[in-house]
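# Geometric and topological summary
Chain by chain, the residues:
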Amino acid sequence: MKIILGVGGGIAAYKSAEIARLLMQEGHAVQAVMTRAAQEFISPLTFAALTGRKTLTDLFAIESAIEHISVAQENELMAIAPATADLIARLAHGLADDFLTTLYLAFTGPVVVAPSMNSNMWRHAATQANLETLRRRGHRIVEPDSGYLACGMTGPGRLADPGAIVEAIERESRRGRDLDGETVLITAGPTQEPLDPVRYISNRSSGKMGYALAEAAAARGARVILISGPVHLAPPRGVEVISVRTAAEMREKVLENLAPAGIVVKAAAVADFHLSKVPEQKVKKTAARMSLELDPTPDILAELGRKKGDRLLIGFAAETQNLHQEARRKLESKNCDMVVGNLVGGSETGFESDENEVVLALSTGELLSLPRAPKREIADRIFDEALKLRLALHAADGR
Ligand code: PMT
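Counting restarts for each chain: residues are numbered from 1 in the order of the written sequence. Confidence filtering applies because this is a predicted model: local features only for residues at pLDDT of at least 70, side-chain atom pairs given and counted only at 80 or more, and all residues used for totals across whole chains, interfaces and linings. Water and hydrogen atoms play no part in the side-chain values, which are based on all heavy atoms of the structure.

## Structural notes on the site of the ligand
For the ligand, the set of nearby residues contains 31 residues, the closest of which are S205, S206, A268, K330 and N342. Any N or O atom pair separated by 3.5 Å or less is treated as a polar contact, with the protein-specific requirement of one donor-capable and one acceptor-capable atom, and with residues adjacent in sequence counted only for side-chain atom pairs. Here an oxygen atom of the ligand sits 2.6 Å away from a polar atom, N or O, in the side chain of S206. Taking L301, its main chain carries an N or O atom lying 2.8 Å from an oxygen atom of the ligand. Notes on the ligand: free accessible area 770 Å², of which the protein chains cover 96%. Working definition: helices are DSSP H or I runs of at least four residues, strands are E runs of at least two. Numbering for both runs from the N terminus. If you list the elements that add at least two residues to the shell around the ligand, you get α9 (208-219), α11 (300-307) and β16 (312-319). The greatest single-element share of the shell around the ligand, amounting to five residues, is contributed by β16. Amino acids outside the nonpolar list (Ala, Val, Leu, Ile, Met, Phe, Trp, Tyr, Cys, Pro) and the charged list (Asp, Glu, Lys, Arg) are all regarded as polar, and Gly is one of them. Classifying every residue of the shell around the ligand by side-chain character gives 14 nonpolar, eight polar and nine charged. Throughout this document, a residue counts as near a molecule or strand when at least one of its heavy atoms sits within 4 Å of that molecule or strand. Computed by Shrake-Rupley with a 1.4 Å probe, the accessible areas treat only the displayed protein chains as cover when residues are assessed.

Written out as structure tokens, the structure is:
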């Protein structure tokens, strides 16, 4: 694979020589690009010697005025290590004042960012907000290690081990566009079930998990149809969004869009009960107490389980206890290929949070735990496992 290795100006810059060496050893072609500050720490010649290519350093000392465009087009993955707080801020805000940041804007492939800085700079709200922007853009952030730092402090901020960075690059390069040609149907967010013209029953789903899945699938080349309950999120780039409100509307749109889908992911938190006959006027407070008689909503996932054919069907299970058993039970009772179980309620992850921690119950009988990570990363891991599962199912029964 052809990889751009961007080197920022931090004390850890010397470690990126080891990253270049390991990538070359794995058979990749590496184009090193250094910021001006990086050259204060290590010479461009070191990278030229290791990669066998001229190191690119200066926007105005290149052979053609559009070299950043051709370098962007020729390469398949961009890794930036070390990424300083300043470089991360420039990437997040799209500032293009040197070769590396200009190249970054022209590059359309997967990006891996390995930060390195002082602990206080790492924890600063500005740095964390900039990293969140990069994560939401789908970039892979290789978290820094904790330990003794060159500034004399001990804490998070030390560049991750070069081997771990190369592993993250390898994982990202394998993903590439492995969903090219696929149509993925995803549901996200809550549903709202009206009680009268001004009131409704709903839940705490923000839509973040479903939208992260949509972003991940689109980045991997899929056509993505996202059927979304009411949320406050921007539509992911390149995704067809269909907005719905109730469970009945969600069912209708899911069934309408099912035909082209090879993978269906039901991340929406669909209300289980609704009022079948909604009063036309606002209900008045006429008594001290009132009770509601609710009917079940259509179970969309169970219906998909009956109709799925060759499709890969992935359900979710939001539980407050017995996560593993419930994920397995829903896998079987709804005829899914995978159920993603997550704890909700008292848990810091699950509803509303930017992060999640899940178990994957697979129809092969396996149960995989994915540790706490940004929802975008969890989304990629779900598709990694879904594609492996499909291969295993194909092998087992010729699907
Ligand atoms: O949106 P976020 O704030 O990011 O939060 C993410 C999440 C917690 C909502 C998400 O990770 C999640 O767990 N989604 C499923 C929530 C849910 O409804 O779980 P459940 O265990 O009640 O339902 C099981 C499965 O059946 C789900 O796939 C659900 O979409 C589906 N279902 C449920 C009821 C119904 N009437 N029809 C359905 O299809």
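And the narrative resumes.
## As for the sheet that holds strand β2 (residues 29-34)
Strand-to-strand pairing in sheets goes through backbone hydrogen bonds, with the strands running parallel or antiparallel. The rule for pairing is simple: two strands pair if DSSP sees at least two bridges between them. Strand order across the open sheet formed by five strands is β2-β1-β3-β4-β5, with parallel pairing between neighbours. Each edge of the open sheet is held by one strand with a lone partner, namely β2 and β5 (140-141). One ladder, built from four bridges, connects strand β3 (residues 77-83) with strand β4 (residues 111-115); its direction is parallel. Within β4, the position partnered with I80 by the bridge is V113. Only heavy atoms matter for contacts: two residues are in contact if any of them lie within 4.5 Å across the pair. Between N-to-C directions, angles cover 0 to 180 degrees, with each direction set by a line fitted to C-alpha atoms, over the stretch in contact for helices. The sheet strands contacting helix α8 (residues 162-175) are β1 (2-7), β3, β4 and β5, and the helix crosses β3 at an angle near 160°.

## Some points on the sheet that holds strand β19 (residues 367-374)
Judged by pairing direction, the sheet is mixed, and its eight strands sit side by side in the order β12-β11-β8-β13-β16-β17-β18-β19 without closing on themselves. Looking at which strands have only one partner, the edges of the open sheet turn out to be β12 (239-243) and β19. Recorded for the sheet is a direction-independent mean angle of 20° between the axes of neighbouring strands. Note that strand β11 (residues 223-228) and β12 share five bridges and pair parallel. Residue S228 lies in a different strand from β12, and its bridge partner there is S243. Its contacts with the sheet place helix α13 (residues 375-397) against β8 (183-188), β13 (263-266), β16, β17 (338-343), β18 (355-362) and β19, and it is angled at close to 155° to β19.

## Focus on helix α4 (residues 85-93)
The classification of residues rests on relative accessible area computed with a 1.4 Å probe and restricted to protein chains. Under 20% of the type maximum is buried, over 50% is exposed, and intermediate values are partly exposed. Those residues of α4 not exposed but buried are A85, L87, I88, R90, L91 and A92. In this structure, the buried side of α4 is in contact with β3, α5 (99-106), β4, α6 (119-123) and α7 (125-136).

## A word on the domain arrangement of the protein chain
For every domain, the bounds stem from an assignment made automatically or drawn from a database. You can read the domains of the protein chain as domain 1 (2-175) and domain 2 (183-397). In this structure, domain 1 and domain 2 have C-alpha centres spaced 36 Å apart. Taken together, the contacts link six residues of domain 1 with nine residues of domain 2. As a working definition, buried area equals the accessible area (1.4 Å probe) given up by two parts on being put together, with both sides summed. Here domain 1 packs against domain 2, burying approximately 800 Å² in sum over the two surfaces, 41% of which is carbon and sulfur. The largest per-residue losses of area from domain 1 upon contact with domain 2 belong to R136, R140 and R175, which jointly make up 64% of the total buried on that side. The rule for a salt bridge is simple: a side-chain nitrogen of Lys or Arg has to be within 4 Å of a carboxyl oxygen of Asp or Glu. Put simply, domain 1 and domain 2 have three salt bridges between them. With its nearest N and O atoms 2.6 Å apart, the salt bridge here joins R175 to D384. For the pair domain 1 and domain 2, the interface holds two residue pairs in polar contact (both at pLDDT 80 or more). Classifying every residue of the side of domain 1 that touches domain 2 by side-chain character gives no nonpolar, one polar and five charged.

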